[in-house]
Amino acid sequence: MATGCPMMKAKRQTDHPCFGGDHANTGRIHLPVAPGCNIKCGFCERKFDCANESRPGVTSQILSPEQALERVRLVSRHPKVGGKLKVVGIAGPGDPLANPKTFETFELVREAFPQMHLCLSTNGLLLTEHLDRLLSLGVHSVTVTVNALTPETGAKVYEWVRHGDVRLEGEAGAALLLKRQFEGIRYAAAAGMMVKVNSVYIPGVNDHETLDLAVKVRDLGADVMNIIPMIPLGIFKGLEPPSDVVMEMVRNQAELILSQARHCKQCRADAAGLVGQDLDLEELHAQAS
């Protein structure tokens with residue numbers, strides 16, 4: 001049973017626009033250097049060259065670490081956004097921790113822009129085993145996407161989970177993923193990282209677990225939660241997405257448990273600029289040529 005405001009975790013202060021900072025005046029850039037993924041979410045469809053699609057898992061181009069660094073340099077020179085750019089993140093289009101180029105990119109950015117906050121978004125399967133490396137690179141915050149509380153529900157959300165050479169399906173795969181997600185959140189929070197938990201709200205599939213999940217991740221040390229509406233794709237393409245009224249109600253209830261991020265725009269893996277006001281990167285590159 002969800003527990004309310006008497007145990008609500010105090011909100012930490014940060015400039016990070018995705019963690020409650022001033023998203024109207026703090027810029028961020030996502031570097032699409034991580035195409036590989038180790039799980040298959042039922043709602044995930046990753047296509048490239050979809051310039052008009054604004055959703056996670058979409059990018060117009062996969063960058064090398066060197067190209068990613070040049071993109072940070074380019075955006076940092078932008079006359080309106082450059083001075084506000086404070087956060088450099090890697091959010092796919094696959095799982096950053098399943099891609100060695102994630103770490104190469106962070107090393108380059110840290111050396112060239114030591115003042116930037118580094119962050120990444122992950123499914124959490126490999127978070128515990130890479131946590132020390134992330135800390136050594138100065139990664140400031142991590143977002144872990146958790147879409148279930150129990151293996152029974154997880155089996156409906158995830159088609160398969162691959163860890164090392166082992167590929168698991170159904171409840172076995174979901175159980176492994178959930179165990180490692182919850183361990184990763186706990187260890188990352190204990191190490192001093194800011195932790196946000198994203199959770200995709202899928203009506204009739206995982207919505208009955210959302211509030212109890214908020215309690216669980218709060219108790220593990222998460223700072224903020226971001227409940228985001230399911231986009232009807234993949235095996236869920238026939239489902240009706242939750243209405244704005246439903247999302248507002250769920251977020252209001254969850255906010256009695258854990259701080260909620262309400263301005264999420266479900267950004268692309270190559271988003272750059274202010275939240276909700278992304279730069280046209282093709283135009284920016286053309287101007288710089």
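Residues numbered from 1 in each chain as written. Predicted model: local features only at pLDDT ≥ 70, side-chain atom pairs only at ≥ 80, totals over all residues. Heavy atoms only, no water.

Asks: Lay out the overall build of the protein with the relevant residues and their values.
Replies: Within the protein one finds eight helices and eleven strands. Taken over 289 residues, the protein has a buried fraction of 51%. Residue pairs in contact within the protein that sit at least 24 positions apart in sequence constitute 76% of those at least 6 positions apart. Surface accessibility of the protein: about 12600 Å² in total, with carbon and sulfur atoms responsible for 52%. (Helix = DSSP H or I, 4+ residues; strand = E, 2+ residues; numbered from the N terminus. Buried < 20%, exposed > 50% of the residue type's maximum accessible area, 1.4 Å probe, protein only. Contact = heavy atoms within 4.5 Å. Areas by Shrake-Rupley, 256 points an atom, 1.4 Å probe, with all protein chains shown as cover.)

Asks: Any details on helix α5 (residues 170-190)? Residues and values, ideally.
Replies: Taking 1.5 Å as the rise per residue, α5 with 21 residues should run 30 Å; its terminal C-alpha atoms sit 31 Å apart, in good agreement. Restricting attention to buried positions, one finds in α5 the residues Gly 173, Ala 174, Leu 177, Leu 178, Arg 180, Gln 181, Phe 182, Gly 184, Ile 185, Ala 188 and Ala 189. (Expected span 1.5 Å × (residues − 1).)

Asks: Lay out the sheet that holds strand β7 (residues 166-168) with the relevant residues and their values.
Replies: Reading across the sheet, the three strands line up as β2-β6-β7 and stay open at both edges, with antiparallel pairing between neighbours. A strand with exactly one partner marks an edge of an open sheet, and here the two such strands are β2 (39-41) and β7. Here the average twist between neighbouring strands, direction ignored, is 15°. Pairing of β2 with strand β6 (residues 158-163), which is carried by three bridges, proceeds in the antiparallel orientation. (Pairing = 2+ DSSP bridges. Axes fitted to C-alpha atoms, helices over the stretch in contact; angles between N-to-C directions.)

Asks: Describe the nonpolar core, with residues and values.
Replies: Counting 54 residues, the largest nonpolar core has Leu 31 and Ile 185 as its most contacted members. In contact with Leu 31, not counting residues within four places along its chain, are Ala 68, Val 72, Val 88, Gly 89, Ile 90, Gly 92, Thr 105, Val 109 and Ala 269. Of all hydrophobic cores here, the second largest spans 14 residues; its members include Ile 39, Cys 41, Ile 202 and Met 230. (Core = buried A, V, L, I, M, F, W, Y, C linked by side-chain atoms within 4.5 Å.)

Asks: Tell me about the pairing of strand β3 (residues 85-90), and name the residues and values.
Replies: Burial runs high along β3: five of the six residues are buried. The sheet contact formed by strand β1 (residues 27-30) and β3 spans four bridges and is parallel. Across the sheet, residue Gly 27 finds its bridge partner in β3, namely Leu 85. Bridge count between β3 and strand β4 (residues 117-122): four bridges; the pairing is parallel.

Asks: Which residues make up the side chain of Asp 95, and what are the values?
Replies: Summarising the element assignment, Asp 95 is placed in the loop between β3 and α2 (101-112). Of the side chains bearing the opposite charge, Arg 162 lies closest to the buried Asp 95, which forms no salt bridge; the N-O distance is 9.7 Å. Here Thr 122 takes part through its side chain, which lies 2.9 Å from a polar atom of the side chain of Asp 95. (Lys, Arg positive; Asp, Glu negative; His and termini not counted. Salt bridge = Lys/Arg side-chain N within 4 Å of Asp/Glu carboxyl O. Polar contact = N/O pair within 3.5 Å; in protein donor to acceptor, adjacent residues only side chain to side chain.)

Asks: Summarise the packing of aromatic side chains; cite the residues concerned and give the values.
Replies: Going through the model one piece at a time under the given rule, you end up with zero aromatic pairs. Above the face of the Tyr 187 ring, Arg 186 is positioned so that its terminal group lies 4.7 Å from the ring centre. If you follow Lys 216 out to its NZ or CZ, it ends over the ring of Phe 182, 5.1 Å from the centre. (Phe/Tyr/Trp six-rings, centres within 6.5 Å; stacked < 30°, edge-to-face > 60°. Lys NZ or Arg CZ within 6 Å of the ring centre and 35° of its normal.)

Asks: Report on the pairing of β6, specifying residues and quantitative values.
Replies: As judged from the three bridges shared by β6 and β7, these two strands associate in the antiparallel manner. Paired with Arg 162 across the bridge in β7 is Arg 167. Counting the residues between successive antiparallel strands, the hairpin from β6 to β7 contains two residues, one of them, Gly 164, with a positive phi of roughly 65°.

Asks: Quick rundown of the packing of helix α1 (residues 65-76) against α2? Include the residues and the values.
Replies: The contact between α1 and α2 brings their axes to 9 Å, and the two run at 40°. When the axes of α1 and α2 are compared, the pair comes out oblique. In this structure, α1 meets α2 at a crossing whose hand is right-handed. Counted together, Pro 65, Glu 66, Ala 68, Leu 69, Val 72 and Arg 73 of α1 and Lys 101, Glu 104, Thr 105, Leu 108, Val 109 and Ala 112 of α2 form the full contact between these two elements. (Parallel < 35°, antiparallel > 145°, perpendicular 65-115°, else oblique. Left-handed = near helix turned anticlockwise from the far one by under 90°.)

Asks: Explain unusual backbone geometry to me, using residue names and the numbers behind them.
Replies: Pro 93 follows Gly 92 through a cis peptide bond whose omega is 20°. Relative to the elements of secondary structure, Pro 93 occurs in the loop between β3 and α2.

Asks: Tell me about the confidence of the model for the protein, and name the residues and values.
Replies: On average, residues of the protein carry a pLDDT of 87, and 81% of them reach 70 or more. pLDDT under 50 marks residues 48-53. Its contacts with residues more than four places away, or in other chains, come to eleven contacts. (pLDDT = per-residue confidence, 0-100.)

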